[in-house]
Amino acid sequence: MWAPVAIQGSRDRLPAVQRLRLLLPRLLPTVVLLFVFAWAVDSIIVTGGGVLAVHYRPLVRTPPAVNQFQAGDPVAQSLITISGSIPRRDRVLIVWDIDDGKTESTFWYGFVWGTFWLYPRQVTVSSYPRSAQTTTADTVIEVRRYGSARLDVAAGYFTAWEYEYPGYPVGQYRHNPDEVHPPVSGATVTVFRPNK
Amino acid sequence: MIDSRVLVACLEIVIYIALCYAVGRVCLGWVVRQPSALAVAGSLALGAAALSLQLWGFGIVGVPWNAVTLLLPWVVVGILRRRRIVFDVKEDLRRVGLGARSLYQLDRLSILLIAMAGLIAASYFINLITQPLTAWDALSMWLLKAKHFYTIGAVDLGALWPVHVETPAQAINGLDVADLMRHPDYPPLFPLIVASFYTLIGHVDDTVGKAVNYLFLVVLATSAYAFFRSILDQRLAVTFAFLAVAAPKFIGVFLKNTAGYADYMGMADYAFATCLFLALAHLHTSFTGTARKAGVPDPSYAFALIFAALAALMKNEGLPFFVIVLAIGTVRGGRRLRAGQLKVPAMRQVVPIALVVIAVVGWQGYIRTHGLRSDLLTFTHPADLLPSLPLRALAIAAYFWNIHIFSLHNDFGWVTWSFLLATVLLAANRLRLGGAVYLAVVLQMLSYLIVYLFTPLPLMLHLAESADRLILQLTPAMLLLLGLSLSPYVGTRRLSLSTEPDPSTVSTARKQPAQQVDTMVR
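Here the structure is a predicted model, which means the values were calculated and not measured.

> Describe the overall build of chain A, naming the residues involved and giving the relevant values.
Scanning chain A from terminus to terminus reveals six helices and five strands. Helices and strands appear in chain A in the N-to-C order α-α-α-α-β-α-β-α-β-β-β. A burial count over chain A gives 49% of its 196 residues as buried. Here the analysis covers contacts within chain A between residues at least 6 apart in sequence; of these, 62% occur between residues at least 24 apart. Working note: accessible area of chain A is about 9,800 Å², and carbon and sulfur atoms make up 56% of it.

> Let's hear about helix α6 (residues 136-152) of chain B: which residues, and what values?
All names here are of chain B. Taking 1.5 Å per residue, 17 residues should reach 24 Å; α6 reaches 23 Å between its end C-alpha atoms and fits that length. Where α6 bends most, at leucine 143, the angle is about 40°. A large share of α6 lies buried, amounting to 14 of its 17 residues. Just beyond α6, the residue with positive phi is glycine 153, at close to 70°.

> Can you lay out the interface of chain A and chain B for me, pointing to particular residues and giving the numbers?
With 56 residues of chain A in contact, the opposing surface of chain B contributes 77 residues. The contact between chain A and chain B buries some 5,900 Å² in all, and 76% of this surface belongs to carbon and sulfur atoms. At the boundary of chain A and chain B, one finds zero salt bridges. The interface formed by chain A and chain B contains nine residue pairs in polar contact (both at pLDDT 80 or more).

> For the nonpolar core, give the residues involved together with the corresponding values.
Counting residues in hydrophobic clusters, the biggest one holds 210 residues, and the most contacted among them are Phe228, Leu310, Met314 and Leu486 of chain B. When residues in this core are grouped by element, the largest group, 15 residues, is from helix α21 (residues 459-486) of chain B. Residues in contact with phenylalanine 228 of chain B, not counting those within four places in the same chain, are Ala237, Phe240, Phe277, Leu479, Leu480 and Gly483 of chain B. In this structure, Val140, Leu151, Val153 and Ala154 of chain A belong to the second largest nonpolar core, which totals 10 residues.

> So, the packing of helix α13 (residues 269-288) of chain B against α21 of chain B: which residues are in play, and what are the values?
All names here are of chain B. Remark: α13 packs on α21, axes separated minimally by 8 Å, with the N-to-C direction vectors making an angle of 25°. By the angle class used here, α13 and α21 are roughly parallel. Of the two possible hands of crossing, α13 and α21 adopt the one that is right-handed. Of the residues in α21, those touching α13 at Asp269, Tyr270, Phe272, Ala273, Leu276, Phe277, Leu280, Ala281 and His284 are Arg469, Leu472, Gln473, Leu474, Pro476, Ala477, Leu480 and Leu484. Among the residues forming the contact of α13 with α21, the class breakdown is 13 nonpolar, two polar and two charged.

> Describe the side chain of aspartate 137 of chain B, listing the residues and the values that go with them.
By the element assignment, aspartate 137 of chain B lies in helix α6. Non-local contacts of aspartate 137 of chain B, meaning those with residues more than four positions away in its chain, are made with Trp142, Met267 and Arg469 of chain B.

> Describe in detail the packing of aromatic side chains, supporting the description with residues and values.
Counted under the stated rule, the structure contains 23 aromatic pairs over all chains. An angle of 70° between the planes, with centres 6.0 Å apart, marks the rings of tyrosine 150 of chain B and tyrosine 198 of chain B as edge-to-face. Residue tyrosine 150 of chain B is located in helix α6, and its partner tyrosine 198 of chain B is located in helix α8 (residues 189-201); the two are separated by 48 residues in the primary sequence. Summarising the burial analysis for this pair, tyrosine 150 of chain B and tyrosine 198 of chain B share the class buried. For the pair phenylalanine 250 of chain B and tyrosine 270 of chain B, a centre-to-centre distance of 5.1 Å together with 85° between the ring planes defines the contact as edge-to-face. Pair noted here: phenylalanine 250 of chain B is in the loop between α11 (234-246) and α12 (251-254) and tyrosine 270 of chain B is in helix α13, with a separation of 20 residues, a long-range link. Judged on exposure class, the residue phenylalanine 250 of chain B and its partner tyrosine 270 of chain B are both buried. Sitting above the plane of the phenylalanine 116 of chain A ring, lysine 147 of chain B keeps its charged end 3.8 Å from the centroid.

> Kindly report on a nonpolar patch on the surface, identifying the contributing residues and their values.
Residues and elements named next belong to chain B. A surface patch of nonpolar side chains, about 580 Å² in accessible area, is lined by Val68, Leu72, Val75, Val76, Ile79 and Leu80. Its place among the elements puts valine 68 in helix α3 (residues 67-80). Classification of valine 68 as exposed rests on a relative accessible area of 57%.

> Lay out the confidence of the model for chain A in plain terms, naming residues and giving numbers.
Residue and element names in this part refer to chain A. Across chain A, the average pLDDT comes to 74, with 73% of residues at or above 70. Considering only residues more than four positions removed or in separate chains, one finds that residues 1-9, a stretch of pLDDT under 50, has 13 contacts. Low pLDDT, under 50, characterises residues 184-196; the predicted model gives this stretch 31 contacts beyond four residues in sequence or across chains.

About the cut-offs
- Residues numbered from 1 in each chain as written.
- Chains lettered and ligands numbered in written order.
- Predicted model: local features only at pLDDT ≥ 70, side-chain atom pairs only at ≥ 80, totals over all residues.
- Heavy atoms only, no water.
- Helix = DSSP H or I, 4+ residues; strand = E, 2+ residues; numbered from the N terminus.
- Buried < 20%, exposed > 50% of the residue type's maximum accessible area, 1.4 Å probe, protein only.
- Contact = heavy atoms within 4.5 Å.
- Areas by Shrake-Rupley, 256 points an atom, 1.4 Å probe, with all protein chains shown as cover.
- Expected span 1.5 Å × (residues − 1).
- Bend = angle between axes of the 7 residues up to and from the residue.
- Buried area = accessible area lost by both parts, 1.4 Å probe.
- Salt bridge = Lys/Arg side-chain N within 4 Å of Asp/Glu carboxyl O.
- Polar contact = N/O pair within 3.5 Å; in protein donor to acceptor, adjacent residues only side chain to side chain.
- Core = buried A, V, L, I, M, F, W, Y, C linked by side-chain atoms within 4.5 Å.
- Axes fitted to C-alpha atoms, helices over the stretch in contact; angles between N-to-C directions.
- Parallel < 35°, antiparallel > 145°, perpendicular 65-115°, else oblique.
- Left-handed = near helix turned anticlockwise from the far one by under 90°.
- Nonpolar A, V, L, I, M, F, W, Y, C, P; charged D, E, K, R; others polar.
- Phe/Tyr/Trp six-rings, centres within 6.5 Å; stacked < 30°, edge-to-face > 60°.
- Lys NZ or Arg CZ within 6 Å of the ring centre and 35° of its normal.
- Patch = residues over 30% accessible without salt bridge, like charges linked within 9 Å, V, L, I, M, F, W, Y side chains within 5 Å.
- pLDDT = per-residue confidence, 0-100.

And the structure:
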């Protein structure tokens, strides 16, 4: 192991700046070396703590897809569930009308989640309920506040499914009654109004 | 009992990494006959990039994307060059064997660090595969593009943009929020790497797809050890490699639900950081290499350029970095030309450089011709911001002060102090070793500052959403600077510190580094 070496000569007579110049070349590498080992110790504590905080048993005993389904909030879960029930070539309108004081962020959350989980369908995201009256999409999905009125969809659409999650009822309306598939349900989906 | 789908996913990732190694090793063997340990460690990333660029090319000429078309060319090359490949793999296995044998000579600290790194890496592996995908950027940008590219079998955003949005709040400072959420201009390499994984397994798996980041963990850990072992003693090399795996800054990339850490699973920042590290390490080796003196074209600068170009294909932050590495090489080339020492690079090095540079230029051309240019270039004319620059600079400084950039109680402090200590130590050594790397890192940081100064986004919003990830990107580079700053003082054989920079180390680094780097294990 290394150790700082005593500086030869009478240091007391040297000016402070000169003493510092003599000391620095010895001190700096020592400080840097100590810093590197301290960082390693910090990494063991912090990252090791993070590693130990994970509950591995449920993770490895559950299929990744189910973990994915269970991780999201109700809206994300509903989108993953609904995704399997919509034909892949459909044009989809998502009406995201949640006016809970944080509409904008919720809307963009809906935009990102909706376009990702419903891919490869061509998705239009709207915060205007009136969009549902003029749309030509094959499927209309409505996400609304709990207790608010249902969407007034254009003529020719019918309610295929409706799910209710805490705070977020999600409705699905379809244009073509021949192409209604049940949602792919891997977990706790409550279908309370199947209505053809 | 472990779920069978988890086991299958683990197997898929392991096979994917093995295939990337095989492809990367073939490419590496073509570029250089006797690659350094650092180059071999980076061959995994080269392989992943080669498969991705191959898919890109397939999309252009209309070849369908599937496992057969993807692997067939490599199988043919493997058969044609079987003797060479067998020799290369044996050589790599010999290196690994020597490394395994040297484990018996390690001190207790090194053994502890290796054991901890192994446990952490194993935990990361399980987490990456099984944890759900929830990171905003991963969903909205990287993995959306990955499954889009895979679904249409081409690198084309035509079907994805323009997005259809009907809402009152469509713009921030004149920028389309939908584009801000999606960033269509972000480079395609990371999504293509994920898409190459989908191509091999034959379907889209968003949850497992994000685990391709594990490949870059393997690359960073092995290349960190290979590089630091060439300039430092074994204990320090192990310590730096351990930090490359376990530094708390990387927790968000590999672990979820850890208090205080952002969710970066499935994002390209770690892969970018790895390319940055590899480019800088090769840049350093190119400055200290002696292959050219032996009459052999030095491939290190070629690798530096290749990895810098891959960084530019990984994230937009790589564009200034590529220019920096190119500029450093050009200046040095100019000096050598004046001195009459400039050697023409071998065609085997020029071709891969040309391929990745064409890819970089091609992507930039594509986004500009399709109106998908970066949001950072769409708003205010830079001259309009000049009067407010001092205030903006102050605001940036205040932001970093407020996130306690110097505090060792968070992971920012370790990175910041790494840079400061390395600066002082390198300066004390008059930048005799690592000057080019230091210059490249400083210029890269300067490019970040310039982007913040001129950003058209609300400054605080931009800082809040990106500064943490920029620090993550720079963390491996800071490890590199720390290691370089210590190298003149700490020998490669033992942990010893002299009062003056060890002239033998410096001169050895200048005279014989190619041999040092080539010998991963002494």
